[in-house]
Amino acid sequence: MRSGEGVVLALDAGGGRLRGAVLAPDATVLHRASADTGVERGPDAVVETLLELAAELAAEHRPVAAGIAVPGVIDEAAGICTFAANLGWREVPIRQWAAEELGIPVVLGHDVRAAALAEARLGAGRGCRSFLFVQMGAGIAAALVLDGRILIGGHGSAGEIGHLTVRPRGRLCACGKRGCLETVASDAALAGAYSRATGEQVGAEELWRRAQAGDDVAEWLWDRTVPALADGLAAAVALFDPRRIVVGGGPAQVGRACFDPLRSALEKRLGFQTTPEILPAGLGRDAGCVGAGLLALEQRPARVRGGTPSRPHAHLAGRR
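All values reported here derive from a predicted model rather than from experimental measurement.

**Q** Could you give an account of the overall build of the protein chain, with specific residues and numbers?
**A** Counting its secondary structure elements, the protein chain contains 10 helices and 13 strands. For the protein chain, with 320 residues in total, the buried portion stands at 51%. Within the protein chain, contacts between residues separated by at least 24 positions form 64% of all contacts whose residues are at least 6 apart in sequence. Within the structure as shown, the protein chain displays about 14100 Å² of accessible surface, and the carbon and sulfur contribution to it stands at 49%.

What follows is the structure, encoded as structure tokens:
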């Protein structure tokens, strides 16, 4: 089936699941799909699952270009994911492998910066030229929009707020440091802490709801999470003075029960500085995919630069 002329494929590998979408030229989402990352089977499996999902969508909808959003440190110009702790990737030329699989131009972007682009154009960032977008999921990362432009950084890793050390003697992070914000406030950290305390497996969103319903363990986790988040956000506000903070992920589904305490804790840490307004993301779980699609719609490279290396089947995480 052909979705229509000029449609693009969007893929987001930034969360616990791989998400795909087909976008019309006006950025309307025409179709959605998802798959488990397969990360428990190793980094090669994530690559294979992502490419399989892309191929299935491409065969059905015949897109003219594709955008892929992935977490970690990204070399957008080279099309390489330099490092993604949650996927186990190191030096993965995913843009070239996807172009080989699909036979169309592919654009690579950072998952959170792509989501920030979507929020800036279509979501809670509209009308605000300077805001901080914070995505809470398997990890925590941020993207800074300054004067209408998304900050990339000198090495492609701007916005890694999840790896700010907020608890110096805390748990070991996947990045190798201790006490990163991710080890306290990410979905994975919260779910893991709840499971260790109760033996029960629940997702972060359910944990937020249980905290509001009076669950003692969930309340305890909530009480330690809000200060840690406020510590991380205070550092970002001190450096960049955003007018607005847009938060995506689990807390965005909870509403005022999350944002009122977070706003109060942040205000106490800022002193003389103006506390920015804090809003839930407007596009929900679609933000990363829509952003990847916008990259494909706007950039549409005429050809994929460089050669096309063979696809990996072993030791991908150890490549240098």
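Once the structure has been displayed, the description carries forward.
**Q** Pulling in residues and values, what's your account of the sheet that holds strand 13 (residues 277-280)?
**A** Strand order in this open sheet of five strands is 11-10-9-12-13, and the pairing throughout is mixed. Of all the strands in the sheet, just strand 11 (149-150) and strand 13 have a single pairing partner and so form its edges. One ladder, built from six bridges, connects strand 9 (residues 131-136) with strand 10 (residues 140-146); its direction is antiparallel. From the neighbouring strand, Phe 131 faces strand 10, where its bridge partner is Val 145. Strands in contact with helix 7 (residues 216-240) are strand 9, strand 10 and strand 12 (244-249); relative to strand 9, the strand with the most contacts, it is inclined by about 155 degrees.

**Q** An account of the pairing of strand 9 is needed here, citing residue identities and associated values.
**A** For strand 9, a buried count of five out of six residues is recorded, marking the element as mostly surrounded by other parts of the structure. With antiparallel pairing between neighbouring strands as the criterion, strand 9 and strand 10 make up a hairpin whose turn holds three residues. Both strand 9 and strand 12 contribute to a ladder of six bridges, which runs parallel. In the sheet register, Phe 131 faces strand 12, and the bridge partner there is Arg 244.

**Q** Explain the packing of helix 3 (residues 111-122) against helix 10 (residues 287-299) to me, and be specific about the residues and the numbers.
**A** In helix packing, the relevant descriptors are the interaxial angle and the interaxial distance, both defined with respect to the helix axes. At a closest axis distance of 7 Å, the pairing of helix 3 and helix 10 adopts a crossing angle of 85 degrees. In terms of axis orientation, helix 3 runs roughly perpendicular to helix 10. For the pair helix 3 and helix 10, the contacting residues are Asp 111, Ala 114, Ala 115, Leu 117, Ala 118, Glu 119, Arg 121 and Leu 122 in the first and Ala 287, Gly 288, Val 290, Gly 291, Ala 292, Leu 294, Leu 295 and Glu 298 in the second. The residue inventory of the contact of helix 3 with helix 10, partitioned by class, reads 10 nonpolar, two polar and four charged.

**Q** Explain the packing of aromatic side chains to me, and be specific about the residues and the numbers.
**A** Considering all chains together, one arrives at one aromatic pair under this definition. Seen in terms of ring centroids, Trp 208 and Trp 222 are 4.8 Å apart; in terms of plane orientation they differ by 85 degrees. Their pairing is edge-to-face. Of this pair, Trp 208 sits in helix 6 (residues 204-213) while Trp 222 sits in helix 7, placing them 14 residues apart in sequence. The same class applies to Trp 208 as to Trp 222, namely buried.

**Q** Quick one: what's the story with the sheet that holds strand 2 (residues 17-23), residue by residue and with numbers?
**A** Whether parallel or antiparallel, the strands of a sheet pair through hydrogen bonds between backbone atoms. Taken in spatial order, the five strands line up as 3-2-1-4-8 in an open sheet, and their pairing is mixed. Either end of the sheet is taken by a strand with one partner, and the two such strands are strand 3 (29-36) and strand 8 (106-110). Each strand of the sheet is rotated relative to its neighbour by a mean of 15 degrees, with strand direction disregarded. Of the pairings in the sheet, the one linking strand 2 to strand 3 comprises seven bridges and is antiparallel in character. Looking at strand 3, one finds that Arg 19 is bridged to Ser 34. Across the sheet, helix 2 (residues 94-102) touches strand 1 (8-12), strand 4 (65-70) and strand 8, and the angle it forms with strand 8 is around 145 degrees. Its contacts with the sheet put helix 10 on strand 1, strand 2, strand 3, strand 4 and strand 8, and the angle it makes with strand 1 is roughly 140 degrees.

**Q** Residues and numbers for helix 2, please.
**A** Judged by how many residues are buried, helix 2 sits mostly within the fold: seven of nine residues are covered. Looking at helix 2, one finds that the buried residues are Ile 94, Arg 95, Gln 96, Trp 97, Ala 98, Ala 99 and Leu 102. Immediately beyond the C-terminal end of helix 2, within one or two residues, lies Gly 103, with a positive phi of roughly 70 degrees.

**Q** Break down unusual backbone geometry for me, citing the residues and quoting the values.
**A** In this structure, Ala 27 is a non-glycine residue whose phi angle is positive, near 75 degrees. Mapped onto the secondary structure, Ala 27 falls in the loop between strand 2 and strand 3. Overall, the relative accessible area of 13% leaves Ala 27 in the buried class. Positive phi values are uncommon outside glycine, yet Arg 62 reaches one of about 50 degrees.

**Q** Tell me about the nonpolar core, and name the residues and values.
**A** Proteins that are soluble and globular tend to have nonpolar side chains buried together. Of all hydrophobic cores here, the largest spans 39 residues; its most connected members are Leu 132, Val 134, Met 136, Leu 181, Leu 233 and Ile 245. At the level of elements, strand 9, strand 10, helix 4 (182-185), helix 5 (187-198), helix 6, helix 7, strand 12 and helix 9 (256-270) are the ones that each hand at least two residues to this core. The biggest single contributor to this core is helix 7, with 11 residues. Setting aside residues no more than four positions away along its own chain, Leu 132 makes contact with Ala 142, Ala 143, Leu 144, Leu 233, Ala 236, Pro 242, Arg 244, Ile 245 and Val 246. Ranked by size, the runner-up nonpolar core spans 31 residues in total, among them Leu 18, Leu 51, Val 92 and Leu 102.

Conventions and cut-offs
Residues numbered from 1 in each chain as written. Predicted model: local features only at pLDDT ≥ 70, side-chain atom pairs only at ≥ 80, totals over all residues. Heavy atoms only, no water. Helix = DSSP H or I, 4+ residues; strand = E, 2+ residues; numbered from the N terminus. Buried < 20%, exposed > 50% of the residue type's maximum accessible area, 1.4 Å probe, protein only. Contact = heavy atoms within 4.5 Å. Areas by Shrake-Rupley, 256 points an atom, 1.4 Å probe, with all protein chains shown as cover. Pairing = 2+ DSSP bridges. Axes fitted to C-alpha atoms, helices over the stretch in contact; angles between N-to-C directions. Parallel < 35°, antiparallel > 145°, perpendicular 65-115°, else oblique. Nonpolar A, V, L, I, M, F, W, Y, C, P; charged D, E, K, R; others polar. Phe/Tyr/Trp six-rings, centres within 6.5 Å; stacked < 30°, edge-to-face > 60°. Core = buried A, V, L, I, M, F, W, Y, C linked by side-chain atoms within 4.5 Å.

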